[in-house]
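Notes for the structure review
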Amino acid sequence: MPTSADSPGNAEPSKTYDVIVVGLGPTGATLANLLGLCGLSTLVLEREAAAYHLPRAVHFDDEVMRVFQTIGVAEEVTKTVRVNPGMRFVDTAGKLLLDWPRPQEVGPNGWHASYRFHQPDLEKILRDALKRFDQVDVYSRANVLQVEDRGDHAEVQYEDLASGQKCSAAARYVVGCDGARSLLRQLIGTEMEDLGFRERWLVIDVLLKQPKPELGDHTIQHCNPSRPSTYVRCPENRRRWEIAVLDGEESDEISSAGSVWQLLEPWLSPDEAVLERQAVYTFHSTIARRWRKGRLLIAGDAAHLTPPFMGQGMCAGIRDAANLAWKLALCIRALADDKLLESYESERLPHVREFIQTAVRLGGLINTCGTEEALRAALPQADGSARMESILPNLGLGPSAGCDTHRGQLFPQPRLQESGLMDDTVGYAPLLLADQALLNADELTQPALSEAGVGFLSTDGEPELGDHIKRMGAKAVLVRPDRYILGTAANKTELASLLAGAYPSPLNRTLNESDLKL
Ligand SMILES: Cc1cc2nc3c(=O)[nH]c(=O)nc-3n(C[C@H](O)[C@H](O)[C@H](O)COP(=O)(O)OP(=O)(O)OC[C@H]3O[C@@H](n4cnc5c(N)ncnc54)[C@H](O)[C@@H]3O)c2cc1C
């Protein structure tokens, strides 16, 4: 069986893969890499011959960079990105209404808070990384037509678009990372929750012929109620404008080259740049109400769509992948009950909803707040000013162990005294952080933890880590493979209960309703 076939042929008929991933966009590529790290046999089926050559996403955050770090591609990714200095809101005359600076220093996640990137570069890196895994097969030009849950496995029918041959493959689970028009979502048969935003925007990508520093490095929200627009400073000579399409305007007409250059007139003339792409997108704000039915699951745009004002659509898909892969691995290895997979939707859905609601609010600000007074009214602060802030929601209902006060919060990633960034000490696995005395008191040894696949890091020689855990009122924290907190312990009894819930195999138990605690 080839590892990265260009042509699908027929997947080994007698073989049942652990997971079939439908779609090799950023969500599918991230999920397949994480499943590869877990050692699961995985088949990826992608309809197109190659990754889409034009960018849609232009921004990702530090949590997503942590996932790339886990996959082992962060160093390569950093060579292709720019650190984003922040967002500015200006009025029609260009007067600054609100500044939202993003930190230029590395933050609590061990990375910068906000990056600008070129999506085709990132997708290439993620696809190339899949070639490391002998047990991951990637078939392009494989159009999935039908998926059936057969109880103990699922069967996928697909067409090899090169030969027209109908093929089939089987797996324990099938995950649809198949984008906004997801077949898997249709098969799950879910309704969609609509958060109320639906607008057409013209997306223009240009390549500057020569430097034009006056455009600036910040993202600019032009709060012009009669024609709101966004400017984005992308890597190298790429620049983007997203411009609202007004009611009554025809998409074809507004995206013609003549109309585009007219719209860009305040910033750019045709002799300064070439148009790389101009297209009208309808921005939606929808979430599937069900993300799983039996052996079928969905992730990424297949499960949720957001207007891009927060730059979080792809980020949400990558969070889905990080949340799901380790749970699939535990279920497939029979180390956890299959009910654990219910927590994928219950944890991720409210989390992504908060991001979409914030993006919808931000869209509303850009659309309507053309003055400082309007912005202050929309973003009121105690001192009378207006301020934009990042959000850091907790996961929704899901598994917990030990003390659950901090369960579902993202744990930060300090740089360790000697061994670099914390996540690198464990990879895509759970990590117990504790002071050595507490661990010794429970007569547990580091090798025993490691045998159970749980990394251990003593906080004794790590003041930053120790102080952080102390501020949480704890002496030990169990961090999940996706870097969210499973539970904490402040004493020997709580540590025993933390590890009982997660040790010898993390989450090795049947989840009851009462286990699903916030
Ligand atoms: C203008 C714009 C700006 C954006 N900006 C940002 C941003 O700055 N930051 C951000 O995080 N997000 C942003 N997004 C959102 C982001 O682009 C998407 O959320 C992300 O690309 C979705 O990735 P995905 O892998 O879930 O889906 P997709 O990228 O759509 O991938 C789905 C894949 O599935 C394949 N497929 C579909 N059906 C089948 C089938 N039946 N058989 C086989 N293969 C199939 C498709 O060919 C495709 O390759 C933006 C979106 C737009 C439109």
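Residues numbered from 1 in each chain as written. Predicted model: local features only at pLDDT ≥ 70, side-chain atom pairs only at ≥ 80, totals over all residues. Heavy atoms only, no water.

1. Notes on the overall build of the protein chain
Operational definition: Strands here are runs of E lasting at least two residues and helices are runs of H or I lasting at least four, both read from the DSSP assignment and numbered beginning at the N terminus. To get the radius of gyration, use the C-alpha atoms; to get the globule rule, take the number of residues to the power 0.38 and multiply by 2.2 Å. Each residue gets one of three labels from its accessible area relative to the maximum for its type: buried under 20%, exposed over 50%, partly exposed in between, using a 1.4 Å probe on protein chains only. For every accessible area listed, the method is Shrake-Rupley and the probe measures 1.4 Å; residues are considered covered only by the protein chains on display. The charge count treats Lys and Arg as positive and Asp and Glu as negative. His and the chain ends do not count. Just so you know, the charge point we use is NZ for Lys, CZ for Arg, CG for Asp and CD for Glu.
In terms of regular secondary structure, the protein chain is built from 14 helices and 25 strands. At 24 Å, the protein chain has a C-alpha radius of gyration in line with the 24 Å of a compact globule built from 518 residues. With respect to the three principal axes, the spread of C-alpha positions in the protein chain is 70 × 65 × 40 Å. Counting every position in the protein chain, which comprises 518 residues, the buried fraction comes to 57%. As displayed, the protein chain offers around 21,100 Å² of accessible surface, 48% of which is attributable to carbon and sulfur atoms. If you average the places of the 54 positive and of the 71 negative side-chain charges in the protein chain, the two averages end up 1 Å apart.

2. Section: the site of the ligand
The cut-off we apply is this: It suffices for a single heavy atom of a residue to lie within 4 Å of a molecule or strand for the residue to be listed as near it. Nitrogen and oxygen atoms within 3.5 Å of one another constitute a polar contact, given that in protein one can donate a hydrogen and the other can accept it, and given that sequence-neighbouring residues count only through two side-chain atoms.
Contacts to the ligand come from 32 residues, most closely from Thr 27, Glu 46, Arg 56, His 59 and Asp 301. Within the side chain of Glu 46, a nitrogen or oxygen atom sits 2.6 Å from an oxygen atom of the ligand. In this structure, Gly 313 approaches the ligand through a main-chain N or O atom, which is 3.3 Å from a nitrogen atom. Out of a free accessible area of 1,000 Å², the ligand has 90% covered by protein chains.

3. A few points about the packing of helix H8 (residues 313–332) against helix H9 (residues 342–368)
For any two helices packed against each other, one specifies the inter-axial angle together with the distance between the axes. For the record, the criterion: Fitting a line to C-alpha atoms yields each axis, with helices limited to the stretch in contact; the angle taken between N-to-C directions then spans 0 to 180 degrees. When an angle is under 35 degrees it counts as roughly parallel; over 145 it counts as roughly antiparallel; between 65 and 115 it counts as roughly perpendicular; any other value is oblique. Here a crossing is taken to be left-handed if its near helix is turned anticlockwise relative to the far helix by less than a right angle, and right-handed if that turn runs clockwise. Two residues form a contact once any of their heavy atoms are found within 4.5 Å. Each residue gets one label: Ala, Val, Leu, Ile, Met, Phe, Trp, Tyr, Cys and Pro are nonpolar, Asp, Glu, Lys and Arg are charged, and the others, such as Gly, are polar.
Running from N to C, H8 and H9 cross one another at 165°; their axes reach a closest spacing of 10 Å. Accordingly, the angle class assigned to the pair H8 and H9 is roughly antiparallel. For the pair H8 and H9, the crossing hand works out as right-handed. Where H8 approaches H9, its residues Ala 316, Arg 319, Asp 320, Asn 323, Leu 324 and Lys 327 are matched on the opposing element by Ser 343, Tyr 344, Glu 347, Arg 348, His 351, Val 352 and Phe 355. Looking at the contact of H8 with H9 residue by residue, the class counts come to five nonpolar, three polar and five charged.

4. Points about the packing of helix H1 (residues 26–37) against helix H4 (residues 119–130)
Put simply, H1 and H4 touch, their axes get as near as 9 Å, and they point 30° apart. As summarised for this structure, H1 and H4 are arranged roughly parallel, according to the angle between their axes. Crossing of H1 over H4 shows left-handed handedness. Seen from H1, the contacting residues are Pro 26, Ala 29, Thr 30, Ala 32 and Asn 33; seen from H4, they are Gln 119, Glu 123, Leu 126, Ala 129 and Leu 130.

5. Structural notes on the environment of Thr 92
Position of Thr 92 relative to the elements: it lies in the loop between strand E5 (86–90) and strand E6 (96–101). Exposure remark for Thr 92: the relative accessible area of 59% places this residue in the exposed category. The contacts of Thr 92, once residues within four sequence positions are left out, are Cys 223 and Asn 224.

6. Description of the sheet that holds strand E12 (residues 192–208)
Hydrogen bonds between backbone groups are what pair the strands of a sheet, and the pairing can be parallel or antiparallel. Rule in force here: Only strands joined by at least two bridges in the DSSP assignment are considered to pair.
Ordered in space as E6-E5-E13-E14-E15-E12-E16-E19, the eight strands form an open sheet in which the pairing is mixed. Looking along the sheet, the strands with just one partner apiece sit at the ends: E6 and strand E19 (304–305). Pairing between strand E16 (residues 273–288) and E19: two bridges, direction antiparallel. Counted as the bridge partner of Ile 287 is His 304 from E19. Lying over the sheet, H9 contacts E5, E12, strand E13 (219–222), strand E14 (229–233), E16 and E19, oriented at roughly 65° with respect to E12.

7. A word on the pairing of strand E22 (residues 431–434)
Neither face of E22 is left uncovered, since the one carrying Leu 431 and Leu 433 and the one carrying Leu 432 and Ala 434 both have all their residues buried. By the bridge criterion, four bridges tie E22 to strand E23 (residues 455–458) in an arrangement that is parallel. Of the residues in E23, the one forming a bridge with Leu 433 is Leu 457. Where E22 lies against strand E24 (residues 476–479), four bridges are found, and the strand directions are antiparallel. If you follow Ala 434 over to E24, its bridge partner there is Ala 476.

8. Side note on the pattern of salt bridges
To be explicit about the condition: For this document, the term salt bridge refers to a Lys or Arg side-chain nitrogen within 4 Å of an Asp or Glu carboxyl oxygen.
All chains considered together, the criterion is met by 27 salt bridges. The salt bridge partner of Asp 217 is Arg 82, with a shortest N-O separation of 3.5 Å. Placement of Asp 217 in the loop between E12 and E13 and of Arg 82 in strand E4 (residues 82–83) is noted, with a sequence separation of 135 residues between them. You can call Arg 82 partly exposed: its relative accessible area is 25%. The residue Glu 347 makes a salt bridge to Arg 407 at a minimum N-O spacing of 2.6 Å. Remark: Arg 407 occurs in the loop between helix H10 (372–378) and strand E20 (415–416) and Glu 347 occurs in helix H9; sequence separation between them is 60 residues. In terms of burial, Glu 347 and Arg 407 fall into one category: buried. Three or more residues are tied together by salt bridges with common partners; here these are Lys 327, Glu 347, Arg 407, Arg 480 and Asp 482.

9. Things to note about the sheet that holds E24
On the basis of which strands lie adjacent, the open sheet formed by four strands has the order E23-E22-E24-E25 and mixed pairing. Here the strands that pair on one side only, and so sit at the sheet edges, are E23 and strand E25 (485–489). When the angles between neighbouring strand axes are averaged without regard to direction, this sheet yields 15°. Each of E22, E24 and E25 touches helix H14 (residues 492–500); the most contacted strand, E25, lies at about 155° to it.

10. What about the pairing of strand E8 (residues 136–139)?
Taken residue by residue, a regular strand's side chains alternate between the two faces of the sheet. With burial as the criterion, each face of E8 is covered, one bearing Val 136 and Val 138 and the other bearing Asp 137 and Tyr 139. The pairing of strand E2 (residues 42–45) with E8 spans four bridges and is parallel. Note that in E8 the partner of Leu 45 across the bridge is Tyr 139.

11. Here's the deal with the side chain of Glu 462
With respect to the helices and strands, the residue Glu 462 is situated in the loop between E23 and helix H13 (463–471). Nearest to the buried, unbridged Glu 462 among oppositely charged side chains is Arg 415, at 10 Å. Apart from residues lying up to four places away in sequence, Glu 462 is in contact with Leu 416, Gln 417 and Glu 418.

12. A short note on the domain arrangement of the protein chain
Under the convention used in this document: Segmentation into domains, and thus their bounds, comes from an automatic or database assignment. As a working definition, buried area equals the accessible area (1.4 Å probe) given up by two parts on being put together, with both sides summed.
You can read the domains of the protein chain as domain 1 (16–79 + 119–192 + 286–366) and domain 2 (415–515). Put simply, the middle of domain 1 and the middle of domain 2, counted by C-alpha atoms, are 28 Å apart. Summing both sides of the interface, domain 1 and domain 2 together bury roughly 1,600 Å²; the carbon and sulfur share of this comes to 54%. Across the contact surface, domain 1 and domain 2 share two salt bridges. A salt bridge links Asp 423 to Arg 66, with the nearest nitrogen and oxygen atoms 2.7 Å apart. Seen at the junction of domain 1 and domain 2, the total is nine residue pairs in polar contact (both at pLDDT 80 or more). The element that contributes the greatest number of residues to the side of domain 1 that touches domain 2 is H8, accounting for eight residues.

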